[in-house]
Amino acid sequence: MDKERIYQDLKRIVKVPSVSGTFDEARGGEEIFRIISEIPYFAAHPESVFRIPVEGDPFGRSSIAAFLESPEPSADTVILMGHYDVMSADSYGQLRDIAFDIEQLTSRMNELPLDKEAQKDYNSGEWIFGRGCADMKFGLAMSIEILRHYSEQPGLLNGNLLFAALCCEEANSEGMLAAVPFFNRFAEERGLRYKALIAAESYSHDDEDPENTHFVHIGATGKCTPMFFCVGEPSRGVSPFHGLDANLLTSEIYNHMHLNVDLCQSANGVTTPPPICLKAVDLKLTYSSMSSIYAASYYNLLTVDTDARETMDELKHIAEKSFDAALRHIRRQANAYENHFGTRYKLNLPKPCVMTFSELLDGARNNFSGDFDAFLGNLIRGWLNNDKLKIQDAAIRTVKTIYEHYPEKKPMIIISFIPPFYPDTYPDTSDERVPALIGAVNEVMSFAKLHYEEDVRWKDYYMEISDLSYSHLDPEKNFDSMFENIVGANMAYSFPMDELKEFDVPGIIFGVNGKDSHKNTERIDRHYNFDVLPLLYLRLIENILQ
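Reading the values: the criteria
- Residues numbered from 1 in each chain as written.
- Predicted model: local features only at pLDDT ≥ 70, side-chain atom pairs only at ≥ 80, totals over all residues.
- Heavy atoms only, no water.
- Helix = DSSP H or I, 4+ residues; strand = E, 2+ residues; numbered from the N terminus.
- Rg over C-alpha atoms; globule rule 2.2 N^0.38 Å.
- Contact = heavy atoms within 4.5 Å.
- Core = buried A, V, L, I, M, F, W, Y, C linked by side-chain atoms within 4.5 Å.
- Buried < 20%, exposed > 50% of the residue type's maximum accessible area, 1.4 Å probe, protein only.
- Pairing = 2+ DSSP bridges.
- Axes fitted to C-alpha atoms, helices over the stretch in contact; angles between N-to-C directions.

Caption draft 1: The overall build of the protein, seen in detail. The number of helices and strands found in the protein is 16 helices and 20 strands. Compactness check: the protein gives a C-alpha radius of gyration of 26 Å against a globular reference of 24 Å for 546 residues, within 12% of the reference. The C-alpha extent of the protein, read off along each of the three principal axes, is 90 × 55 × 45 Å. Restricting the contact set of the protein to residue pairs at least 6 apart, pairs at least 24 apart contribute 78%.

Caption draft 2: Looking closely at the nonpolar core. I32, L161, F163, F183, Y194, F495 and F510 are the most contacted members of the largest nonpolar core, which totals 182 residues. At eleven residues, helix α6 (residues 133–152) tops the list of elements feeding residues into this core. F163 has contacts with I32, I36, I64, A65, A66, L80, L140, S143, I144 and L147, leaving out every residue within four places of it along the chain.

Caption draft 3: Looking closely at the sheet that holds strand β7 (residues 202–203). If you walk across this open sheet you meet the four strands as β4-β20-β19-β7, and the pairing is mixed. Edge positions in the sheet fall to β4 (127–129) and β7, since each has one partner strand and no second. Taken together, the two bridges between strand β19 (residues 512–515) and strand β20 (residues 523–525) define a ladder with antiparallel strand orientation. The residue bridging K515 from the neighbouring strand is R523, located in β20. Helix-sheet contacts for α6 involve β4, β7, β19 and β20, and the interaxial angle to β20 is about 50°. Seen against the sheet, helix α16 (residues 526–544) touches β4, β7, β19 and β20 and runs at an angle of roughly 55° to β20.

Caption draft 4: Up close: helix α10 (residues 357–366). Of the positions making up α10, those classed as buried are F357, S358, L360, L361, G363 and A364. For α10, the secondary structure elements touched by its buried residues are β15 (354–356), α11 (372–385), α12 (391–404) and β16 (412–417).

Caption draft 5: Here's a closer look at the sheet that holds strand β17 (residues 455–462). Pairing is mixed in the open sheet, where eight strands are placed in the order β1-β2-β5-β3-β6-β18-β8-β17. Where the open sheet ends on each side, the last strands, each with one partner, are β1 (49–53) and β17. Within this sheet the neighbouring strands show an average axis-to-axis angle of 25°, counted without direction. Bridge analysis of β1 against strand β2 (residues 62–68) gives five bridges, and the strand direction is antiparallel. Across the sheet, the residue bridging to F50 is A65, located in β2. Of the strands in this sheet, β1, β2, β3 (76–83), β5 (160–166) and β6 (193–199) are in contact with helix α7 (residues 174–190), which crosses β1 at around 135°.

Spelled out as structure tokens, the structure:
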């Protein structure tokens, strides 16, 4: 392994400011395509380098794949995977213009205020700073060098390597969702058997982690984003108890959802944090003396042990409790007003109504003369491409539009999920590939301790969001209950449900030692990442492929 080539490729990949959701992101993929195509093997086999476009993407983004075939025919294949999009460099202040130049930035990091740990790492000279170097362009540079290494020494490889550099991971994982059908189709066409998927994501140390430890993560935390769309009954300022403010429904949902520890999940000794509200919005656009008809809120809900049907039932229960609490609040305040002032306002309170998105959509379809899905799809594409709405804001507008075509106009709470959606995943040990992968990793851990004095350990569930979530859908977790309630699925947001069920590969995250991903002190250490990790990867690949 040539660590100087890894470094030069890292410089090139970081140099492109492939910020997620920009035209520069597409440029990042093209630079990776060029680097791979310069490797003599791929220059001679250009048909083995692929672009996997995100269909209908306004930025023209593609994921990049490269297939290195074993000299001896083999079905066994290891997927090396990572993403090339990064967060913006706005936090770098006066160094923003050099945030993507690892040499300039590393030499000038002391011009920014650094915390004690970052200052120590900077002073040591053993860390490289730069936007995206940890999350996760070093992993891509290393994986490209692995392709080059085995292409130059083909006799070492007893199987195939499929490399994938994905776009859009930092946003809605459109890159991985486009890649999964490609993986399935490619395996069928070539007669491949995927033995393992390895992602070189950066990992963050928890406070309880021993110093100088490195990790292999098995399993990935999931994330769903439940949205509650509230429809009220407007009331005038002079008759405030004659109606139902949609914001009151939203506030009661907030009280029942935000930081609700009953929604935390535990598995294998790992517990998720409670949900938080990501956005609460009133859809009233202009001033009037009427209360709001529409309001919406959505929440970050992390999972490790989801039964989708049970989750849906829990969310329905919360919506029902919130609706009841809103009505009780109105009654209580009306009684208080009468007790204080002797005047009784007439109440006009609706019956509580909670619906799922799929129920609302079915009702609107049946009430529409024509192809409702085509009508809705055209609207959504216009909002995304012409109005430049974010996909989450388009989801809010989508539910409002569907409600407007629903035959019954009455106050209600509509429960849906909005992008992004990440299933939690954990390898199935009844799959013979899983214990084989675990055994291969265990051997590498022992090897790292014996030969490099590096402590590499297992850790259950990668607690950041990652594309590993799409490597294995547990059929017992009833994900269809969530899939059918994702707003704009395959309209605003390509979500290949059937292909995701078909794609089933034991996956791990074998991490880059980095710190402060997404911060202006993002960095990787030179010794472990350049001198040790690439050699551990080679040994792991060869262990998996026997």
